[in-house]
Amino acid sequence: MKPVRDDNPVRGSITVSNLSISTRGKSSTCLVENLNLVVTPGEIIGLVGESGSGKSLTLRAILGILPPGIQQSGGTVNVEGRVGMVFQDPLAALDPLEKIGKQIADSVLANSRLGWGREARVQAKKRALDLMSAVRLPQPDERYHWYPHQLSGGQRQRVVIAIALATSPDILLCDEPTTALDVTVQQQVLELLQDLHVERRLTIVFVSHNLAVVSGICSRMAVMSHGKIIESGPTLEVLNHPQEQYTRMLIDSVLPLPDEDQK
Ligand SMILES: Nc1ncnc2c1ncn2[C@@H]1O[C@H](COP(=O)(O)OP(=O)(O)OP(=O)(O)O)[C@@H](O)[C@H]1O
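Residues numbered from 1 in each chain as written. Predicted model: local features only at pLDDT ≥ 70, side-chain atom pairs only at ≥ 80, totals over all residues.

Enquirer: Please provide a residue-by-residue account of the pairing of strand β5 (residues 83-86), values included.
Expert: Alternating residues of β5 divide into V83 and M85 and G84 and V86, and every residue in both groups is buried. Relative to strand β6 (residues 171-175), β5 runs parallel, the two sharing 4 bridges. By the bridge assignment for β6, V83 is matched with I171. (Buried ≥ 20, exposed ≤ 12 C-beta atoms within 10 Å, placed from the backbone. Helix = DSSP H or I, 4+ residues; strand = E, 2+ residues; numbered from the N terminus. Pairing = 2+ DSSP bridges.)

If you want it as structure tokens, here you go:
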């Protein structure tokens, strides 16, 4: 990844060209095939598709960390800017034995040049409290000392988002960030992501199997099936004029759609 400069006009862009991902070994299986994706700075793009279609692996290839036993077998991934990642399950992403404030502060320290001394920790705590406010966690001073199990699912996901923000990312990769939450809380987390997108000019790649969620937050979307992008374009165009039978099936499963003039 290239170093980030403040005057870099393409900060927050992603260009994936002919990406192929496969299992390692003799009987290698292709899991993602010749995938092309261009994400422009400051947009929210949705990657939608059924379970196993290759969304998470694509996201991980963009992050530069594929699981053991899986390799990038072709193509290139070019990312301009810093990347933060939000995972589906906040409980799994957080250390159950560590206070949430410290987890955020440690992420600040790990991504800064402050070092790990006393003064650095004071500054990191201050920044962690700011991040807790940024993700709208109530009473940050008090909650700084709480453990993950003391928070609700939605609040835990806000902590995970704060940890991702500690890297001062240009790009936020979100892998099913609301799937583990109930519907009302899902909506609150989606609104937070939209606010952060505006406030911090974040580029967001939003992976979900839920077309309704993607259509609510993403201006552009790509539909994946069996390791390939089969259709992509502005969200409303894809929803109103789907070209592929699979996309039509996804749409039929979440009717009714928003009116074109409501967006
Ligand atoms: N570590 C792994 N080892 C072997 N195969 C894997 C591994 N991770 C993913 N796969 C396979 O790669 C394919 C794509 O997986 P991926 O997790 O990207 O799908 P997905 O669209 O994100 O699905 P889900 O919504 O269920 O997470 C699937 O067939 C999956 O079984």
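Enquirer: Tell me about the site of the ligand, residues and numbers included.
Expert: Contacts to the ligand come from 14 residues, most closely from S51, K55, S56, L57 and P67. Element by element, the count of residues in the shell around the ligand is highest for helix α1 (residues 55-63), at 3 residues. Counted by class, the shell around the ligand contains 4 nonpolar, 9 polar and 1 charged residues. (Near = placed C-beta within 6 Å. Nonpolar A, V, L, I, M, F, W, Y, C, P; charged D, E, K, R; others polar.)

Enquirer: For helix α7 (residues 183-199), give the residues involved together with the corresponding values.
Expert: With 17 residues, α7 should cover 24 Å at 1.5 Å per step; its first-to-last C-alpha distance of 24 Å lies within 8% of that length. Buried within α7 we find Q186, V189, L193 and L196. Considered in projection along α7, the buried side chains sweep an arc of 90 degrees and stay on one side of the axis. Seen from the open side of α7, the exposed residues pointing more than 90 degrees away from its buried face are V183, T184, V198 and E199. Against the buried residues of α7 lie α6 (153-165), β6, β7 (203-208) and α8 (211-217). (Expected span 1.5 Å × (residues − 1). Arc of directions from axis to C-beta. Contact = placed C-beta atoms within 7 Å.)

Enquirer: I'd like to hear about the environment of Q243, residue by residue, with values.
Expert: Positionally, Q243 belongs in the loop between α9 (235-240) and α10 (245-252). Here the alpha-carbon distance between Q243 and S232, two residues 11 residues apart in the chain, equals 9.5 Å.

Enquirer: Pulling in residues and values, what's your account of the sheet that holds β5?
Expert: If you walk across this open sheet you meet the 6 strands as β5-β6-β7-β3-β8-β9, and the pairing is mixed. Two strands in the sheet have a free side with no partner beyond their single neighbour: β5 and β9 (228-234). Between one strand axis and the next, the sheet turns by 15 degrees as a mean value, whatever way the strands run. In this sheet, β7 lies alongside strand β3 (residues 44-49) in parallel orientation, the contact comprising 5 bridges. The residue of β7 that forms the bridge with L47 is V207. Sheet strands in contact with α6 are β5 and β6, and its direction is about 165 degrees off that of β5. Lying over the sheet, α10 contacts β3, β8 (220-225) and β9, oriented at roughly 110 degrees with respect to β8. (Axes fitted to C-alpha atoms, helices over the stretch in contact; angles between N-to-C directions.)

Enquirer: Help me get a handle on the environment of S27, residues and values and all.
Expert: Structurally, S27 can be placed in the loop between β1 (13-23) and β2 (30-39). Using a count of 6 C-beta atoms within 10 Å as the deciding quantity, one classes S27 as exposed. S27 sits 198 residues away from S225 along the chain, and the two C-alpha atoms are 22 Å apart.

Enquirer: Explain the UniProt feature "domain: ABC transporter" (unreviewed entry) in the chain to me, using residue names and the numbers behind them.
Expert: According to UniProt, the positions carrying the feature "domain: ABC transporter" (unreviewed entry) are residues 14-251. Annotated as 40% helix and 27% strand, the span residues 14-251 places its first and last C-alpha atoms 27 Å apart. (UniProt positions renumbered as here; feature names shortened; annotations may be inferred.)

Enquirer: Give me the lowdown on the packing of helix α3 (residues 100-110) against helix α4 (residues 118-134), citing residues and values where you can.
Expert: Where α3 meets α4, the axes come as close as 8 Å, and the angle between the chain directions of the two elements is 115 degrees. One element, α3, and the other, α4, form an angle in the roughly perpendicular class. Crossing hand, α3 versus α4: right-handed. For the pair formed by α3 and α4, the contact residues are G101, I104, A105, V108 and L109 on the first element and A120, R121, A124, K125, R127, A128, L131 and M132 on the second. Considering only residue class, the contact of α3 with α4 consists of 9 nonpolar, 1 polar and 3 charged. (Parallel < 35°, antiparallel > 145°, perpendicular 65-115°, else oblique. Left-handed = near helix turned anticlockwise from the far one by under 90°.)

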